[in-house]
Amino acid sequence: MSIMQNVLHSAHFDVVSHVCRHPRVDCGYTQGNEPTRILFTRRGSFAMHVGSQTYVARPGQAVLIRRFVEYRVSHPDRQGCDCCTDVLLDEEALDMLDLERVPSAACVFSHDMDFQVSHVELMLGLRRGDASATDGEDVLYDLFDRLIQANGQPRRRYQPLAARQVARAEEAIIGHAGENISVQALAGIAGCSPFHLCRIFRQHTGQSLRQFRVQHRLGNALDRLAEGEDDLASLACDVGFNSHSHMTDAFRQTLGRSPRQLREELRQVTLKQLRSRLD
């Protein structure tokens with residue numbers, strides 16, 4: 001089941017919320033007749049297949065797909081719920097953000113969990129309609145500026161074999177988020193040695209396998225908190241943490257706040273507050 005909601009239409013951006021649950025509908029091949037888009041994932045993941053390359057949109061990594069590029073979408077977690085923010089940009093916005101310089105058909109932008117919180121706050125503000133389209137557009141420019149500054153040059157996939165091996169490991173971790181798949185098992189899935197997988201995984205993602213796993217779990221939990229999740233013990237279990245305290249420790253170490261504190265902040269945030277904090 002796929003649910004689409006247009007949450008912003010402005011001079012230079014269209015923002016669409018996608019929620020895709022099992023059984024999947026209308027997921028698959030895209031002809032490439034749409035504007036340049038950047039996908040930010042609030043929960044789960046979307047694997048974007050461009051030619052022989054796979055780019056995974058997930059919490060902690062956004063994917064840019066250039067205009068007129070054909071791609072196919074799949075879901076590493078076939079039974080889960082995947083939610084993304086699909087931002088379509090016109091040519092003027094691309095020029096203003098200096099994204100016209102991106103030479104490849106697709107690329108990825110890494111970001112941290114603080115950015116993920118801002119992304120979730122943006123979506124909450126847009127859904128609540130607490131500001132004008134111009135305010136929403138201004139926040140988007142601020143967020144994109146932060147994303148681009150943090151990355152310098154967006155990363156492309158190099159070394160096709162290594163990129164495919166990393167993609168297999170990513171999809172295995174995401175598709176079994178509630179499990180602690182061993183490095184040896186992941187290496188078997190990727191088709192390489194554990195040492196080689198650890199090395200190329202960090203090169204391609206900027207993270208260790210453990211960091212990647214924790215970030216994905218935190219991203220999934222954050223989106224549930226934004227929806228007002230009350231049962232934090234069940235939430236911890238659902239997203240793959242060993243216990244409520246394990247999840248709380250991970251949130252405190254990464255974001256400096258407990259899940260309960262974040263949930264209360266998200267209930268009250270407005271776009272104007274977010275913009276003021278980003279300035």
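Everything below is about the structure shown above.
J.: Looking at this model, I keep getting lost on the overall build of the protein. Mind explaining?
T.: Counting secondary structure elements, the protein contains eleven helices and ten strands. Expected size for 279 residues packed as a compact globule is a radius of gyration near 19 Å; at 18 Å, the protein falls within 12% of this value. Along the three orthogonal principal directions, the C-alpha set of the protein runs to about 50 × 45 × 35 Å. Looking at the protein residue by residue over its 279 residues, the buried ones come to 56%. Within the protein, residue pairs in contact and separated by at least 24 positions form 75% of the contacts whose partners lie at least 6 positions apart. For the protein, the accessible area works out to roughly 12300 Å², and carbon and sulfur atoms hold 48% of it. Within the protein, the 35 negative side-chain charges are centred at a point lying 7 Å from the centre of the 33 positive side-chain charges.

J.: In this structure, what is going on with the sheet that holds strand S9 (residues 81-89)? I would like to understand it.
T.: Each strand in a sheet pairs with another by means of backbone hydrogen bonds, the pair being arranged parallel or else antiparallel. Pairing is antiparallel in the open sheet, where six strands are placed in the order S1-S2-S9-S4-S7-S10. Strands at the two margins of the open sheet, each flanked by one partner only, are strand S1 (2-9) and strand S10 (106-110). Sheet twist, expressed as the mean angle between neighbouring strand axes with direction ignored, is 20 degrees. Pairing analysis gives seven bridges linking S1 to strand S2 (residues 13-21), with the strands arranged antiparallel. Bridge pairing in S2 places Asn6 opposite Val16. Lying on the sheet, helix H2 (residues 113-128) is in contact with S1, S2, strand S4 (36-43) and S9; it crosses S4 at an angle near 100 degrees.

J.: Looking at this model, I keep getting lost on helix H4 (residues 160-175). Mind explaining?
T.: With 16 residues, H4 extends 22 Å between its outermost C-alpha atoms, agreeing within 8% with the 22 Å of an ideal straight helix rising 1.5 Å per residue. Every buried residue of H4 is accounted for by Ala162, Ala163, Gln165, Val166, Ala167, Ala169, Glu170, Ala172, Ile173 and Ile174. Buried residues in H4 make contact with strand S6 (53-57), strand S7 (61-65), helix H5 (183-190), helix H6 (194-205) and helix H7 (209-226).

About the cut-offs
Here, residues in each chain are numbered from 1, in the same order as that chain's written sequence. Selection of residues for local features in this predicted model requires a pLDDT of at least 70, selection of side-chain atom pairs for listing and counting requires 80 or more, and totals for whole chains, interfaces and linings are taken over all residues. Excluded from the side-chain calculations are hydrogens and water; all other atoms, namely the structure's heavy atoms, are used. Put simply, DSSP marks the helices as runs of H or I at least four residues long and the strands as runs of E at least two long, and each gets a number from the N terminus on. In this setup the radius of gyration rests on C-alpha atoms only. A globule is expected at 2.2 Å times the number of residues raised to 0.38. Burial classes: relative accessible area under 20% of the type maximum marks a residue as buried, over 50% as exposed, and values in between as partly exposed (1.4 Å probe, protein chains only). For this analysis, residues touch if any pair of their heavy atoms sits within 4.5 Å. Note on areas: Shrake-Rupley with a 1.4 Å probe; residue coverage comes only from the protein chains shown. Residues scored as charged are limited to Lys and Arg (positive) and Asp and Glu (negative), so that His and the chain ends carry no count. For the purpose of locating charges, the reference atoms are NZ of Lys, CZ of Arg, CG of Asp and CD of Glu. At least two bridges found by DSSP between two strands is the condition for calling them paired. Simply put, an axis is a line fit to the C-alpha atoms, just over the touching stretch for a helix, and the angle between two N-to-C directions goes from 0 to 180 degrees. Helix span, as expected, comes to 1.5 Å for every residue beyond the first.

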